[in-house]
Amino acid sequence: MYWFLKVLKNYSTFSGRARRKEYWMFVLYNAIFGVLLSVLELVINLEGVLTTFYGLALLLPALAVTVRRLHDIGKNGWWYLLMLVPIVGAIMILIFTCLDSQEDENRFGPNPKLHNEGKTVTA
């Protein structure tokens, strides 16, 4: 839950880097909450109202964490526009988000695996 809340706190931060764990934990919790809201909608017969508002509320944080994840592998955030290409674009973004971080500092900032709030973390 820490990673989900961290993404929500940085909902409009498109600079910097997001490690793989931060991105995928956000995706996991987002999917779980989406399924729970869908079930709740079925029970109380709302027909997509809750999931629509939830999706709109998390659109900007999801975009921001994806751009930061692309920064972590050394790609510019504009690579996210690959999503506009049907099927192939989504597969490319999936592959990019699965790649490991660049070990050293890149043009988008220090490696988040090695730096925690400005402090170096020993492995």
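Residues numbered from 1 in each chain as written. Predicted model: local features only at pLDDT ≥ 70, side-chain atom pairs only at ≥ 80, totals over all residues. Heavy atoms only, no water.

Counting its secondary structure elements, the chain contains five helices and two strands. Starting at the N terminus, the α and β elements of the chain follow one another as α-α-α-α-α-β-β. In terms of principal-axis extent, the alpha carbons of the chain reach across some 50 × 35 × 20 Å. Expressed as a percentage of the 123 residues in the chain, the buried residues total 28%. Long-range contacts, defined here as pairs at least 24 residues apart, represent 65% of the contacts in the chain between residues at least 6 apart. Total accessible area computed for the chain in this model is approximately 8,000 Å², and 68% of it derives from carbon and sulfur atoms. Here the chain holds 12 positive side-chain charges and 9 negative ones, and the gap between their average locations is 4 Å. (Helix = DSSP H or I, 4+ residues; strand = E, 2+ residues; numbered from the N terminus. Buried < 20%, exposed > 50% of the residue type's maximum accessible area, 1.4 Å probe, protein only. Contact = heavy atoms within 4.5 Å. Areas by Shrake-Rupley, 256 points an atom, 1.4 Å probe, with all protein chains shown as cover. Lys, Arg positive; Asp, Glu negative; His and termini not counted. Charge placed at Lys NZ, Arg CZ, Asp CG, Glu CD.)

Before going further, it helps to examine the pattern of salt bridges. Throughout the structure, instances matching the rule amount to six salt bridges. In this structure, Lys6 and Glu22 form a salt bridge, with 3.8 Å as the shortest nitrogen-oxygen distance. With Lys6 in helix α1 (residues 2–9) and Glu22 in helix α2 (residues 20–44), this pair connects stretches of sequence that are 16 residues apart. The salt bridge partner of Glu22 is Arg68, with a shortest N-O separation of 3.1 Å. Placement of Glu22 in helix α2 and of Arg68 in helix α4 (residues 59–72) is noted, with a sequence separation of 46 residues between them. Note on Arg68: relative accessible area 4%, which makes it buried. Connected through salt bridges with shared partners, the residues Lys6, Glu22 and Arg68 form a single ionic network. (Salt bridge = Lys/Arg side-chain N within 4 Å of Asp/Glu carboxyl O.)

For Asn45, which is not glycine, the phi dihedral falls at a positive 55°. Phi is positive for Glu47, close to 55°, though the residue is something other than glycine. Along the chain, Glu47 falls in the loop between α2 and α3 (49–57). Overall, Glu47 belongs to the exposed group, its relative accessible area being 72%.

Once that is clear, we can look at the nonpolar core. Residues Phe4, Val7, Ala18, Tyr23, Phe26, Leu37, Tyr54, Leu58 and Val65 constitute the largest nonpolar core, which totals nine residues. Put simply, the parts of the chain that give this core at least two residues each are α1 and α2. Counting residues per element, this core draws most heavily on α2, at three residues. (Core = buried A, V, L, I, M, F, W, Y, C linked by side-chain atoms within 4.5 Å.)

It is worth spelling out the packing of aromatic side chains at this point. For the coordinates displayed, the defined rule picks out seven aromatic pairs. Both rings, one in Tyr23 and one in Trp24, keep their centres 5.0 Å apart while their planes meet at 85°; by these two values the pair is edge-to-face. A relative accessible area of 10% places Tyr23 in the buried class. (Phe/Tyr/Trp six-rings, centres within 6.5 Å; stacked < 30°, edge-to-face > 60°.)

Before going further, it helps to examine the confidence of the model for the chain. Summing up the model confidence of the chain, the mean pLDDT is 89 and the portion of residues at 70 or higher is 93%. Mean pLDDT in the chain bottoms out at strand β2 (residues 119–120), which sits at 49, and peaks at helix α5 (residues 88–98), which reaches 95. (pLDDT = per-residue confidence, 0-100.)

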